[in-house]
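# Structural features, examined
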Amino acid sequence: METALYLIPVTLGDTDIDQVLPPYNREIVVQIKHFIVENIRSARRFLRKLDKSIDIDTLTFYELSEHTDAHAKDTQHLLDPLLKGESMGVLSEAGCPAVADPGSIAVELAQKKGLRVIPLSGPASMILSVMASGFNGQNFAFNGYLPVKPAERASKIRALESRAYKENQTQLFIETPYRNAKMIDTLLHTLRGDTRLCIAAGITTSEEFIRTKTVAEWKKEAQQKTLPDLGKVPAIFLIYK
């Protein structure tokens, strides 16, 4: 195995690993002894699920979360095992590491030090949602989380809608599951009736829900109380002209 920083995708939920990850990933992961992870508990759980032969107690975990100071002294030594010739792996909480994920800090350090970085194949909710939305897949932008304050959020949504029309660009953003219902309500009260909205939730899991409708059509569902209940399901929202 080539010595490198391996970016290791994980499942997007309670999904059969063989359904979304190629066997090659397992061949690589079982050889790695040092992991940079967003959460140690969930990382250990994923590795046990990936291959029961992995001896978790022999592994070293380095926690790298959204609260990590990218310029802290400890962070600068994050890749010491790799500098000594030992491969390392980066694990996210869900999906692909370093994309809307603090693992990007480790990748940035590796690139600055001229170290080999190898991304492995796996589920990426943003790409999968674009694929299934019916929107422009050649020009799209991921905008992360939108502002929490109502007025700022509505203003941002209108700005993204304007870009969708003027730039022919699909706009993607996410929300914390418990605020999904509020996000949908804000979108329906802010966007134009003919703007198309795709809600993609629980991708690759048994709870998967991916539907594209105009805002006017979604409003009818709201009136009929047939909107999906996404209070506990990770979702991506996409808007397009």
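One can find the structure itself at the top, above this paragraph.
## With respect to the overall build of the chain
- Along the backbone of the chain there are 10 helices and 10 strands.
- By the compact-globule yardstick of 18 Å for 241 residues, the chain fits well, its C-alpha radius of gyration being 20 Å.
- Out of the 241 residues in the chain, the part that is buried amounts to 48%.
- Restricting to contacts in the chain with at least 6 residues of sequence separation, those with at least 24 account for 75%.
- When the accessible surface of the chain is split by element, carbon and sulfur atoms take 49% of a total near 12600 Å².

## Remarks on the sheet that holds strand β5 (residues 117–119)
- Strand order in the open sheet made by the 5 strands is β3-β2-β4-β1-β5, with parallel pairing throughout. Either end of the sheet is taken by a strand with one partner, and the two such strands are β3 (60–63) and β5. Strand after strand, the sheet turns through a mean of 25° between neighbouring axes, direction not considered.
- Sheet strands in contact with helix α3 (residues 40–50) are β1 (5–8), β2 (34–37), β3 and β4 (88–91), and its direction is about 140° off that of β3.
- Of the strands in this sheet, β1, β2, β4 and β5 touch helix α6 (residues 104–112), which is tilted by about 155° from β1.

## Things to note about the sheet that holds strand β9 (residues 209–214)
- The mixed open sheet is built from 5 strands, whose spatial order is β6-β7-β10-β8-β9. The open sheet has two free edges, formed respectively by β6 (140–145) and β9, since each of these has just one partner strand. Shown here is a sheet whose adjacent strand axes are inclined to one another by a mean of 20°, direction ignored.
- Two strands pair when backbone bridges link them, and strand β8 (residues 196–201) and β9 are joined in this way by 6 bridges, in the antiparallel orientation. The residue of β9 that forms the bridge with R196 is T214.
- Packed onto the sheet, helix α7 (residues 125–133) meets β6, β7 (170–175), β8, β9 and β10 (235–240) and runs at close to 45° relative to β10.
- Its contacts with the sheet place helix α9 (residues 180–190) against β7, β8 and β10, and it is angled at close to 10° to β10.

## What about a nonpolar patch on the surface?
- A cluster of nonpolar side chains, namely I127, M131 and F140, defines an oily patch on the protein surface of about 300 Å² accessible area.
- If you trace the backbone, F140 turns up in strand β6.

## Looking at the environment of A94
- Following the sequence through the fold, A94 ends up in the loop between β4 and α6.
- Distance from A94 to T186, taken between C-alpha atoms, is 26 Å for residues 92 residues apart in sequence.
- Here A94 is in contact with V10, T11 and L12, once residues within four sequence places are set aside.

## Observations concerning the environment of I8
- Mapping I8 onto the fold places it in strand β1.
- C-alpha of I8 to C-alpha of L21: the two residues are 13 residues apart in sequence and 9.7 Å apart in space.
- Here I8 is in contact with V29, I32, F35, F46, G89, V90, L91, S92, G95, P97 and L120, once residues within four sequence places are set aside.

## Here's the deal with the pairing of β7
- Most of β7 is tucked away: 6 of the 6 residues are buried.
- Alternating positions in β7 separate into two faces, T170, L172 and I174 on one and Q171, F173 and E175 on the other, with burial throughout.
- Looking at chain direction, β6 and β7 are connected through 4 bridges and run parallel. Note that in β7 the partner of F140 across the bridge is T170.
- Assessed by its sense of winding, the connection that carries the chain from β6 through helix α8 (residues 150–166) to β7 is right-handed.

## Re the nonpolar core
- Counting residues in each nonpolar core, the largest one holds 23 residues, and the members touching the most others are Y6, I8, F35, F46, L47, F61 and L91.
- When residues of this core are traced back to their parent elements, those giving at least two are β1, α1 (17–20), α2 (23–29), β2 and α3.
- Not counting residues within four places of it along the chain, the set of residues in contact with L91 comprises I8, V10, F35, I36, V37, E38, A43, F46, L47 and P97.

Calculation notes
Residues numbered from 1 in each chain as written. Predicted model: local features only at pLDDT ≥ 70, side-chain atom pairs only at ≥ 80, totals over all residues. Heavy atoms only, no water. Helix = DSSP H or I, 4+ residues; strand = E, 2+ residues; numbered from the N terminus. Rg over C-alpha atoms; globule rule 2.2 N^0.38 Å. Buried < 20%, exposed > 50% of the residue type's maximum accessible area, 1.4 Å probe, protein only. Contact = heavy atoms within 4.5 Å. Areas by Shrake-Rupley, 256 points an atom, 1.4 Å probe, with all protein chains shown as cover. Pairing = 2+ DSSP bridges. Axes fitted to C-alpha atoms, helices over the stretch in contact; angles between N-to-C directions. Patch = residues over 30% accessible without salt bridge, like charges linked within 9 Å, V, L, I, M, F, W, Y side chains within 5 Å. Salt bridge = Lys/Arg side-chain N within 4 Å of Asp/Glu carboxyl O. Right-handed = clockwise from strand over helix to strand, strands pointing away. Core = buried A, V, L, I, M, F, W, Y, C linked by side-chain atoms within 4.5 Å.

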